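# Tertiary structure, described
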Amino acid sequence: MAHASTDPMTEKYELLTARQKERDGNTETATVEHVYVSNEQVVLTLAFDWTTDSKRLVYELDDDRDVRKLESLTDDHGFEFAQIGHLEGLSLTVRYTGHGWVPISTLAYTDGEGSVTETFRTELELLARELARSPGYLRRFVTWARSLSMKQTVIAVIIVKKIIVIALVAGMVL
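Residues numbered from 1 in each chain as written. Predicted model: local features only at pLDDT ≥ 70, side-chain atom pairs only at ≥ 80, totals over all residues. Heavy atoms only, no water.

### Brief notes about the overall build of the chain
On a plain count of helices and strands, the chain comes out with 5 helices and 5 strands. Mapped from its N terminus to its C terminus, the chain presents α and β elements in the order α-β-β-β-α-β-β-α-α-α. Looking at the chain as a whole, 31% of its 174 residues qualify as buried. Residue pairs at least 24 apart in sequence account for 44% of intrachain contacts in the chain once pairs closer than 6 positions are excluded. Element-wise, carbon and sulfur atoms account for 58% of the exposed surface of the chain, whose accessible area totals about 12,000 Å². (Helix = DSSP H or I, 4+ residues; strand = E, 2+ residues; numbered from the N terminus. Buried < 20%, exposed > 50% of the residue type's maximum accessible area, 1.4 Å probe, protein only. Contact = heavy atoms within 4.5 Å. Areas by Shrake-Rupley, 256 points an atom, 1.4 Å probe, with all protein chains shown as cover.)

Below, the structure written as structure tokens:
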């Protein structure tokens, strides 16, 4: 019976290379080896040229943030969300975040990553998605809010803040 043996030097090399590559903020290129889609989740298996081990990215389809990540990932490669399987064989630029590898195009939707502006927009977008599933009057409000331009949104926020300040001052005086 033949045993598959691996060279101890190769294992040490891969271990040291992995430690070097898996530093917070390091950016690498990975190839999508396999895309698995089920009713509950999508799993992308990534391969790197510096290791024989593959990494798995798991996205839950019940999680709005994960769905938004997948939409961003497919949009970045020119595909529709339903064409996620077409990512198989393509290269992705990924960044190590301390918790694992994250595609660059999804950083804005990853907790603790992305700029303040991206995080704010992401949270507003996810809140809007959640509110869109709510009763009719909230759904109409969300539709109206989504139709606002950035300038209109900033003006609305300023007006709401002024109303809150006036209400607080009136409450303290009375």
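### As for the nonpolar core
V35, L44, L46 and V94 are the most contacted members of the largest nonpolar core, which totals 18 residues. Elements supplying a minimum of two residues to this core: β1 (27–37), β2 (41–47), β3 (54–60), α2 (64–76) and β4 (91–96). If we ignore the near neighbours within four places in the chain, the residues touching V35 are V42, V43, L44, I84, G85, L87 and E88. (Core = buried A, V, L, I, M, F, W, Y, C linked by side-chain atoms within 4.5 Å.)

### Here we look at the environment of D62
Position of D62 relative to the elements: it lies in the loop between β3 and α2. Taking the relative accessible area as the measure of exposure, D62 reaches 73% and is therefore exposed. Sequence separation of D62 and Q41 is 21 residues, and the distance between their C-alpha atoms is 7.9 Å.

### Looking at the layout of surface pockets
Size it by volume and the largest pocket reaches roughly 790 Å³. Lining the largest pocket are 22 residues, and of these L124, A145, R146, L148 and T153 sit closest to its centre. Mapped onto the lining of the largest pocket, the elements with two or more residues apiece are α3 (116–132), α4 (136–147) and α5 (150–173). Residue contributions to the lining of the largest pocket peak at 8 residues, all from α3. (1 Å grid on protein atoms, 1.4 Å probe; cavity = no way out; pocket = protein on both sides within 12 Å on 5 of 7 lines; lining within 4 Å. Points joined across faces, edges and corners; volume = space filled by probe spheres on them.)

### As for the packing of aromatic side chains
Across all of its chains, the model carries 4 aromatic pairs by this definition. With centroids separated by 4.9 Å and ring planes inclined at 45 degrees, the aromatic side chains of F48 and W101 adopt a geometry described as tilted. One end of the pair, F48, is in the loop between β2 and β3; the other, W101, is in strand β5 (residues 101–103), and 53 residues separate them in sequence. Ring geometry for Y96 versus W101: centroids 5.2 Å apart, planes at 70 degrees, classification edge-to-face. Through a chain of ring-to-ring contacts, three or more aromatic side chains come together here, namely F48, W50, Y96 and W101. (Phe/Tyr/Trp six-rings, centres within 6.5 Å; stacked < 30°, edge-to-face > 60°.)

### A few points about the sheet that holds β5
Strand order in the open sheet formed by 5 strands is β3-β2-β1-β4-β5, with antiparallel pairing between adjacent strands. The open sheet has two edge strands, β3 and β5, and neither has a second partner. Geometrically, the sheet is characterised by an average inter-axis angle of 45 degrees between neighbouring strands, direction not taken into account. As paired strands, β1 and β4 are joined by 5 bridges and run antiparallel to one another. Opposite E28, over in β4, you have V94 as the bridge partner. Contacting β2, β3, β4 and β5, α2 crosses the sheet at an angle of about 120 degrees to β3. (Pairing = 2+ DSSP bridges. Axes fitted to C-alpha atoms, helices over the stretch in contact; angles between N-to-C directions.)

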